[in-house]
Amino acid sequence: MKIKAKDRKPIYPYDEWKIVEESFDVETNLRDETIFAVGNGYIGMRGNFEEGYNGPDNSSVNGTYLNGFYESKPIVYGEEAYGYAEKSQTMLNVTDSKIIQLYVDGEPLDLFSGKLISYRRTLDMKEGVLTRDMTWESGTGKQVRIRIQRFACLARKHLAVISYEVTALNFDGEIVLVSALNGEVRNQVTMGDPRAGAAFAGQVLITEGKDQDGTFAALRQRTKNTRFALVCGMENQLETENTFRMEADAPEQMVRVKYTVTAHRERTIRLTKYISYHTSRDYPEEQLLALSKETLSEARQQGFDRLREEQRQFLKDFWSRSDVEIKGDLALQQSIRFNVFHLLQSVGRDGKTNIGAKGITGEGYEGHYFWDTETYIFPFFLYTNPAIGRQLLTYRYSILDKAKERARVMSQKGALYAWRTIGGEETSAYYPAGTAQYHINADIIYALKKYMHATEDLDFFIEAGAEMLFETARLWADLGDYIPRKGNRFCINEVTGPDEYTALVNNNLFTNMMAKDHLEFAYRMAQFLKEKHGQAFQSIAGKIGLQESEIAEWKRAAEHMYIPYDEELGIHPQDDSFLDRAVWNFENTPPDKYPLLLHYHPLVIYRRQVLKQADVVLALFLQGDRFTTAEKKRNYDYYEPITTHDSSLSPCIYSILAAELGYIDKAYNYFMYTARMDLDDIHDNVKDGIHTASMAGTWLSIVHGFAGFREYQGELSFHPVVPEKWEGYRFKITFKGRVIDIDVTRDAVTYTLLSGQPVTLQHFREEVSLAPGKSQTRSLKPKLEAVIFDLDGVITDTAEYHYQAWKQLADEIGVPFDREFNEQLKGIGRLESLELILSRGELQLTEAEKIALADRKNENYKQLIESISPDDLLPGILTLLKQLRENGVKIGLASASKNAPAVLEKLGITQYFDAIADASKIKKGKPDPEIFLTAADLLGVPYRNCIGIEDAEAGIAAIKEAQMTAVGVGNRETLKHADWIVDTTVELTFERLVEIKG
Ligand code: BG6
Ligand code: MG
């Protein structure tokens, strides 16, 4: 693992529901501004101070953002080519509305002057409020106590509020509060790091007008190029027992309201500022001002306290479905809540906006929406707040026309979604890692499919989903080709997969698998609509001119999809040429050269086997039902060592797969990296904004990772495990109108149906039915559920016959052979054994000749086993088989021998076996765990509840790899990795097996 886990002290003290900052630090101010950002999915405000900031240059970014509000400019290329993205889209820093300046007897409050006696800033995630408490002393010794509360109203898209309370502590005198809106705003200019924003040099939000009316004031602004109109308004409300006077003015690009108060000690003065933003992206321009006034006067009527209560209620409801409890780890408890809270603050819920890679907390990635939404963030919302899931998909529908236009530019039919965008147009200036990531189409449809399974929202499907599905399926059908040299399989060439350290390849495994899934879903849903909702189908088909032949072609392309596979390694190459590349020279890459993208030209990186992020491994997760566990394991083991995790999208996926494969420690380490990415500032770039995908990755790692939650074909399953350091965890899943509570402790898991109709789910391989309000508890302690036997040398002594048969052949062809060498052949398949034998001689043979020799050995062997009878069962085996049966323990066979079924017949014990893994269907023999995993899968028993019994070293290795308990029979030296070794099979008693499992 290339992860540099930062083992540092917490930046913010651990707390269940709060992020607290005990002192102000210029050095970390940029980061803190991101952490303490507030938002409601539309308005996002960085944690800038109301009084302004007088610190050193580049130690603050004063930012307020509106989701979906952007400016464009032409992208300038050194060398241009047809079809390149034409214009940028940059989320704009908009009117600064946070300003409230305080003057104490004429002296402005400023953290860089006077004396800061106390300081504490708290983001309370239960209340949804950011609070700053300070005691400050002016240069002339006048002390004030200040409490500032700020939030963007989650229940009111256009509204944010600030309550500013100031109390004179040791004096009576004049206090002035100035509340302002400032239109002079610009975006940050950053160079060098492609992950940061790339903005405009000057001001592009032009102030066009000002309005003032008593305590109300507004600024009217417009973007230079996109011509979007914006009205930012404020309403001010002063509460004080003291006398005061109010004045208003409007210098430069500002509007201001000034209160001069004759303050008396210990008499709190409170200014409430209501802030609104409305733009022509949502409403006709001429209505904006009226809407602003309406929003603000309604807010004023409510007053701060009621709005705050409304916020709390909103969050109460949110947490009741979205909270994840982690028992026994406060740091993680804090971070999961922080992550989930920021996702809510960042997500657009109006169907016209989405969720940016940095939310609305900073300018990193220009506020763009990526595949991050559907692949990482969407599942969290889908399974906790499906209505938000629907809105995210509605956004994609709203830009479908742009996707169709883009497909035309790319010489393709159907629709191609932009790799990165706000308004729907492609804005990625680097096509190899942008436009080439065609998989975004399938990612969006994958989310749609999951949405349909989880909600059965047919209305949405008919109104929007179907059109998206069919138009994007068209693109795949048109993009791929049946290539004769690839067996006329359907190939998708010249694309980039999720891993951005490899670009422009043929047949990216992830892309092809996702496209296959996409096409199958499109075909299935087209048939379904035709049969069940004929009219709706006709109208959609009519609208988009869909032909029967196209639907048939989706099916054909899916069936013929080319899936790259390497026989020798038994893995899926990431793409056609991936394995032809040399592996990156990890040993000679010092830690300070990571992330590689900041230190090497893309070509240098593309040339080697090195991954920025999960690619095949992501397919193993998303398309999990298309792979066996053995395949997942081989692929994971191959890709993990060559993945840098230079992308924050990577660790959570590796964590999920590691948990599935029983690598619990690895799963935990990756999880830790994901979970505290932002609170510990692991990538040192939180200053540019939060990492929304990685935040969602925390939720994915717990729910899909440790709890093993999967949904395939509308069925729910769970495989919970608990990392050693935890006492347990708990979360809820909303699915088809039901809310299910999953409470995992070290010993057991309890499933409770909190609301909705009865439901059946899978717990490991067991069906668990839940009735409303009822719980079902299942033990998580390992127990003996199945014994999986090797055959040769365990059940009967055919190992000896294999030896004799090989010996005879070896003598005939003149290759040295003895018992010691034979040990290596135990458990190994026929042809592999022959290769090992031949490697000791000089013979050069063709494939056909080798097969002939293997056949000859098998003939020898078959003669030897001719006379096998029940008498040849090794001692104790029959009793054991009977006892296992009587006690309901399942019995499986995992033998590499193709003669195994025949031998079992002769021994008269076939009827004892519940499952026999077919050696001829296994892709990789022992020591690969595949054959044991397959046997367990056939038995329907979780791996950890199986015992495997073996006489060969390779067999023990396979059992251990399968996360099962390994029992060795025979040689204590070669079998030393077994959990228990016996000299003879007589010792294999039922009681003893139960004991070692417990
Ligand atoms: C294993 C034996 O069980 O089966 C090996 O331990 C043997 O020695 C292998 O090579 C394959 O057996 P067969 O019967 O298919 O040749
Ligand atoms: Mg054996």
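No experiment lies behind these values; they were computed from the predicted model shown.

Counting its regular elements, the protein chain contains 26 helices and 35 strands. Projected onto its principal axes, the C-alpha positions of the protein chain cover 110 × 60 × 60 Å. Residue burial in the protein chain is summarised as follows: out of 998 residues, 60% are buried. In the protein chain, the share of contacts with a sequence separation of at least 24, taken over all contacts with a separation of at least 6, comes to 67%. When the accessible area of the protein chain is evaluated, it comes to approximately 37500 Å², of which 47% is carbon and sulfur surface. Taken together, the 118 basic and 146 acidic charged side chains of the protein chain have centroids lying 3 Å from each other.

Over its 24 residues, helix H9 (residues 509-532) runs 34 Å from end to end, which matches the ideal 34 Å to within 8%, given 1.5 Å per residue. The buried count for H9 comes to 17 of 24 residues, which makes it a mostly enclosed element.

Take the site of ligand 1 next. Around ligand 1, a shell composed of 15 residues is seen, among which Asp792, Ile828, Arg830, Ser897 and Lys898 lie nearest. In this structure, Asp792 approaches ligand 1 through a side-chain N or O atom, which is 2.5 Å from an oxygen atom. Note that an oxygen atom of ligand 1 is positioned 3.4 Å from one of the backbone N or O atoms of Leu825. Notes on ligand 1: free accessible area 390 Å², of which the protein chains cover 97%. Residue classes in the shell around ligand 1 are distributed as 3 nonpolar, 7 polar and 5 charged.

Okay, the coordination of the magnesium ion (ligand 2) next. Protein ligation of the magnesium ion (ligand 2) involves Asp790 (OD), Asp792 (O) and Asp951 (OD), the donor distances falling in the range 2.1 to 2.2 Å. For the magnesium ion (ligand 2), all donor residues lie on one chain, and their spacing in sequence is D-x1-D-x158-D. Residue Asp790 is located in the loop between strand S30 (786-789) and helix H18 (798-813), and its partner Asp951 is located in the loop between strand S33 (946-950) and helix H25 (953-961); the two are separated by 161 residues in the primary sequence. Asp951 matches Asp790 in its accessibility class, with the two residues each being buried.

For the structure on display, the rule yields 0 disulfides. Take Cys153: it sits in no disulfide, and the sulfur closest to it among the cysteines is that of Cys232, at 14 Å.

Moving on: the packing of aromatic side chains. One pass over the full model with this rule turns up 45 aromatic pairs. Between the aromatic rings of Tyr12 and Phe36, the centroid separation amounts to 5.8 Å while the plane-to-plane angle is 90°, which identifies the pairing as edge-to-face. Here the residue Tyr12 occupies a position in the segment before strand S1 (18-21), and Phe36 occupies one in the loop between helix H1 (29-35) and strand S2 (38-39), the gap between them amounting to 24 residues. An identical accessibility class is assigned to Tyr12 and Phe36; each is buried. Within the aromatic cluster, the residues linked to one another by ring pairs are Trp17, Phe318, Trp319, Phe380, Phe381 and Trp699.

What follows deals with the domain arrangement of the protein chain. Under the domain assignment, the protein chain is made up of domain 1 (1-35 + 324-360 + 651-706), domain 2 (42-321), domain 3 (711-780) and domain 4 (786-997). The C-alpha-based centres of domain 2 and domain 4 are spaced at 73 Å.

An order of S7-S6-S12-S17-S16 is seen for the 5 strands of this open sheet, with the pairing classed as antiparallel. Each edge of the sheet is formed by a strand with only one pairing partner; in this case those strands are strand S7 (107-108) and strand S16 (244-249).

Turning next to the nonpolar core. Within the largest apolar cluster, 220 residues are counted, with the highest numbers of intra-cluster contacts made by Leu102, Tyr164, Tyr376, Phe470, Trp699, Trp726 and Ile733. Filtering out sequence-adjacent residues up to four positions away, Trp699 remains in contact with Val324, Ile336, Val340, Pro379, Phe380, Tyr383, Thr384, His704 and Ile733. One finds Ile877, Leu893, Ile949 and Trp980 within the second-largest nonpolar core, a separate group that totals 35 residues.

We now examine the packing of helix H5 (residues 386-398) against helix H8 (residues 458-479). The relative placement of two packed helices comes down to the angle between their axes together with the axis-to-axis distance. Relative orientation of the contacting elements H5 and H8 amounts to 50°, with a least axis distance of 10 Å. Between H5 and H8, the angle is such that the two are oblique. Considering how the two elements wind past one another, H5 and H8 form a crossing that is left-handed. Seen from H5, the contacting residues are Arg390, Leu393, Thr394, Arg396 and Tyr397; seen from H8, they are Phe460, Glu463, Ala464, Glu467 and Met468. Of the residues in the contact of H5 with H8, the class split is 5 nonpolar, 1 polar and 4 charged.

Here we take up the confidence of the model for the protein chain. Keep in mind that low pLDDT regions are not for reading the predicted coordinates in detail. Of the residues in the protein chain, 98% have a pLDDT of 70 or more, and the chain-wide mean is 95. Between residues 1-6, whose pLDDT stays under 50, and residues either more than four places distant or in other chains, the model counts 16 contacts.

The 5 strands are arranged S19-S24-S25-S26-S29 in an open sheet whose pairing can be described as antiparallel. A single partner strand is all that each edge strand has here, and the edge strands are strand S19 (325-327) and strand S29 (775-779). Pairwise comparison of adjacent strand axes, ignoring direction, gives a mean angle of 15° for this sheet. As judged from the 3 bridges shared by S19 and strand S24 (residues 728-735), these two strands associate in the antiparallel manner.

Among the 10 residues that make up helix H15 (residues 651-660), 9 are buried, leaving the element largely enclosed by the rest of the structure. Of the residues flanking the end of H15, it is Gly662, one or two places downstream, whose phi is positive at about 85°.

Moving on, we get to the side chain of Thr692. Take Thr692: it is sitting in helix H17 (residues 692-706). Among all residues touching Thr692, those that are not within four sequence positions of it are Leu343, Ser346, Ile355, Gly356, Ala357, Lys358, Gly359 and Ile377.

Along the chain, the position of Thr223 falls in strand S14 (residues 216-223). Judged by relative accessible area, which is 0%, Thr223 ranks as buried. Within polar-contact distance, the side chain of Thr223 engages the backbone nitrogen of Phe228 at 2.7 Å. Look past the residues within four positions of Thr223 in its chain and what remains in contact with it is Phe69, Tyr70, Glu71, Leu92, Val204, Leu205 and Phe228.

Further remarks concern the environment of Lys736. Among the structural elements, Lys736 can be located in the loop between S24 and strand S25 (738-745). Here the alpha-carbon distance between Lys736 and Tyr383, two residues 353 residues apart in the chain, equals 9.5 Å. Once residues within four sequence positions are removed from consideration, Lys736 is found in contact with His453, Ala454, Glu456 and Gly714.

A separate point is the pairing of strand S31 (residues 890-893). Of the strand pairs in this sheet, S30 and S31 are connected by 4 bridges, and their pairing is parallel. Bridged to Val787 within S31 is Ile891. Crossover handedness for the path S31 to helix H23 (residues 900-907) to strand S32 (residues 915-916): right-handed.

On to unusual backbone geometry. Here the bond from Tyr594 into Pro595 is cis, since omega is -5°, no more than 30 degrees from zero. Within the secondary structure layout, Pro595 lies in the loop between helix H11 (548-559) and helix H12 (602-606). Although it is not a glycine, Glu266 sits at a positive phi angle of roughly 60°. Position of Glu266 among the secondary structure elements: in the loop between strand S17 (254-263) and strand S18 (269-279). Unlike most non-glycine residues, Gln713 shows phi in positive territory, near 50°. Mapped onto the elements, Gln713 comes out in the loop between strand S22 (710-712) and strand S23 (715-718).

Here we come to the pattern of salt bridges. Scanning the model with the defined rule gives 82 salt bridges in all. A salt bridge links Asp305 to Arg270, with the shortest nitrogen-to-oxygen separation between them at 3.3 Å. Here Asp305, found in helix H2 (residues 288-322), pairs with Arg270, found in strand S18; they are 35 residues apart in sequence, far enough to count as distant. Here Arg390 ties to Glu463 by a salt bridge, and the two come within 3.6 Å at their closest N and O atoms.

Our next topic: the environment of Lys413. Tracing the backbone shows Lys413 in the loop between helix H6 (400-409) and helix H7 (439-455). Remark: the alpha-carbon pair of Lys413 and Val161, spanning 252 residues in sequence, is separated by 48 Å.

Basis of the calculations
Residues numbered from 1 in each chain as written. Chains lettered and ligands numbered in written order. Predicted model: local features only at pLDDT ≥ 70, side-chain atom pairs only at ≥ 80, totals over all residues. Heavy atoms only, no water. Helix = DSSP H or I, 4+ residues; strand = E, 2+ residues; numbered from the N terminus. Buried < 20%, exposed > 50% of the residue type's maximum accessible area, 1.4 Å probe, protein only. Contact = heavy atoms within 4.5 Å. Areas by Shrake-Rupley, 256 points an atom, 1.4 Å probe, with all protein chains shown as cover. Lys, Arg positive; Asp, Glu negative; His and termini not counted. Charge placed at Lys NZ, Arg CZ, Asp CG, Glu CD. Expected span 1.5 Å × (residues − 1). Near = heavy atom within 4 Å. Polar contact = N/O pair within 3.5 Å; in protein donor to acceptor, adjacent residues only side chain to side chain. Nonpolar A, V, L, I, M, F, W, Y, C, P; charged D, E, K, R; others polar. Donors = N, O, S within 2.8 Å, 3.2 Å for Na, K, Ca; no water. Disulfide = S-S within 2.5 Å. Phe/Tyr/Trp six-rings, centres within 6.5 Å; stacked < 30°, edge-to-face > 60°. Domains from an automatic or database assignment. Pairing = 2+ DSSP bridges. Core = buried A, V, L, I, M, F, W, Y, C linked by side-chain atoms within 4.5 Å. Axes fitted to C-alpha atoms, helices over the stretch in contact; angles between N-to-C directions. Parallel < 35°, antiparallel > 145°, perpendicular 65-115°, else oblique. Left-handed = near helix turned anticlockwise from the far one by under 90°. pLDDT = per-residue confidence, 0-100. Right-handed = clockwise from strand over helix to strand, strands pointing away. Salt bridge = Lys/Arg side-chain N within 4 Å of Asp/Glu carboxyl O.

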